[in-house]
Amino acid sequence: MLAVFHGAIIKAPEELVQAGNRTPTPKKSASGLLNDFLQQSPSAVSVNVGSDMQMSYTHDNQSFLQPRSFAAKDEIFCLFEGTLENLSRLKQQYGLGKNATEIVLVMEAYKALRDRAPYPASLMVAHLVGNFAFIIFDKATSTVFVASDQEGKVPLFWGITADGYLAFSDEIDVLRGSCGKSLASFPCGCLFSSATDLRSYEHPKQKVTAEPAEEEEICGATFKVEMPQLCATTTMD
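Note that the structure is predicted; figures quoted are calculated from it, not measured.

Quick notes on the rules
- Residues numbered from 1 in each chain as written.
- Predicted model: local features only at pLDDT ≥ 70, side-chain atom pairs only at ≥ 80, totals over all residues.
- Heavy atoms only, no water.
- Helix = DSSP H or I, 4+ residues; strand = E, 2+ residues; numbered from the N terminus.
- Expected span 1.5 Å × (residues − 1).
- Buried < 20%, exposed > 50% of the residue type's maximum accessible area, 1.4 Å probe, protein only.
- Contact = heavy atoms within 4.5 Å.
- Polar contact = N/O pair within 3.5 Å; in protein donor to acceptor, adjacent residues only side chain to side chain.
- Pairing = 2+ DSSP bridges.
- Axes fitted to C-alpha atoms, helices over the stretch in contact; angles between N-to-C directions.
- 1 Å grid on protein atoms, 1.4 Å probe; cavity = no way out; pocket = protein on both sides within 12 Å on 5 of 7 lines; lining within 4 Å.
- Points joined across faces, edges and corners; volume = space filled by probe spheres on them.
- Nonpolar A, V, L, I, M, F, W, Y, C, P; charged D, E, K, R; others polar.
- Phe/Tyr/Trp six-rings, centres within 6.5 Å; stacked < 30°, edge-to-face > 60°.

With 14 residues, helix 4 (residues 102-115) ought to run about 20 Å at 1.5 Å a step, and its terminal C-alpha atoms sit 20 Å apart, in line with that. Those residues of helix 4 lying buried are Glu102, Ile103, Leu105, Val106, Met107, Glu108, Ala109, Tyr110, Lys111, Ala112 and Leu113. Close packing links the buried residues of helix 4 with strand 4 (68-73), strand 5 (76-84), helix 3 (87-93), helix 5 (121-126), strand 6 (130-138) and strand 7 (143-148).

In this section: the side chain of Ser169. With respect to the helices and strands, Ser169 occurs in strand 9 (residues 166-169). A polar side-chain atom of Ser169 sits 2.8 Å from the main-chain carbonyl oxygen of Met1. When neighbours within four sequence positions are excluded, Ser169 is seen to be in contact with Met1, Leu2, Leu156, Phe157, Val174 and Leu175.

If you walk across this open sheet you meet the six strands as 2-3-1-9-8-10, and the pairing is antiparallel. The two strands at the open ends of the sheet, each matched to only one other strand, are strand 2 (45-49) and strand 10 (183-185). On average, each strand axis in the sheet is inclined to that of its neighbour by 15 degrees, with strand direction left out of account. Sheet analysis places strand 8 (residues 157-160) next to strand 9, joined by four bridges and oriented antiparallel. Directly across from Trp158, in strand 9, lies its bridge partner Phe168. Lying on the sheet, helix 1 (residues 14-22) is in contact with strand 8, strand 9 and strand 10; it crosses strand 8 at an angle near 65 degrees. Along the sheet, helix 6 (residues 172-179) makes contact with strand 1 (2-5), strand 8, strand 9 and strand 10, crossing strand 8 at roughly 15 degrees.

This part covers the layout of surface pockets. Vacant regions in the atomic arrangement are exposed by a probe of water-molecule size rolled over the atoms. There is about 180 Å³ of room inside the largest pocket. If you trace the largest pocket, you find it lined by Pro13, Glu15, Phe192, Asp197, Leu198, Arg199, Pro204, Gln206, Lys207, Val208 and Phe223. When its residues are assigned to classes, the lining of the largest pocket shows six nonpolar, one polar and four charged.

The tally for this structure, following the rule as stated, stands at 12 aromatic pairs. Their ring planes at 70 degrees and their centres at 6.2 Å tell us that Phe5 and Phe168 sit as a pair that is edge-to-face. Here Phe5, found in strand 1, pairs with Phe168, found in strand 9; they are 163 residues apart in sequence, far enough to count as distant. The interplanar angle of 20 degrees and the centroid separation of 6.1 Å between the aromatic rings of Phe132 and Phe134 together place this pair among those described as stacked. Comparing Phe132 with Phe134 shows no difference in burial state: the two are buried. Put simply, the rings of Phe5, Phe77, Phe137, Trp158, Phe168, Phe186, Phe192 and Phe223 pair up and form one aromatic cluster.

Here it is in structure tokens:
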């Protein structure tokens with residue numbers, strides 16, 4: 001799957017920008033990235049919202065246990081990959097029918113967060129149990145919302161194209177030729193949106209930082225959640 005967003009919609013983390021500046025490598029434009037994806041996957045479905053957003057996905061080579069899906073409703077567009085273990089309970093919580101799928105549930109949870117819920121985005125995502133990665137674009141509010149499961153069982157990568165678009169894909173090779181070293185694995189257990197910076201929903205009080213990668217590595221940075229150091233204790237006899 002592939003999602004590409006204009007810089008006016010969402011700004012890439014500065015660490016991702018710096019990763020590309022440290023070791024400049026050839027890049028392609030967002031349109032070139034999308035064209036390459038569609039050429040390599042003739043059966044792919046693609047949706048554009050002007051020049052602000054392009055989403056595309058294919059069922060080719062997908063995992064049986066982690067299927068990809070796309071849905072659009074009420075100007076909300078969503079790409080979802082994976083499965084939710086607590087789908088049945090969440091459908092009851094959100095008042096959805098028994099045939100509602102994971103992607104429908106995620107879109108409904110996002111709408112509740114946007115319109116009614118008094119709780120933070122980190123709590124909304126933390127309710128999801130399973131293997132997943134999803135990308136939401138809300139045209140009505142020009143909001144992007146991205147999240148990955150706590151163990152990173154569904155891979156997700158992000159990078160910056162030559163013309164400054166922020167791109168997401170579940171396959172690193174899709175982004176590699178277009179994003180150069182402005183490329184990284186999206187950190188597991190984290191969320192990122194137009195309204196917030198990159199943060200951990202698993203550990204909401206901890207900062208997420210990026211370490212520069214070695215020159216020979218494919219990605220230009222590695223994002224990690226800073227965990228507090230446990231103080232060592234000693235005992236005196």
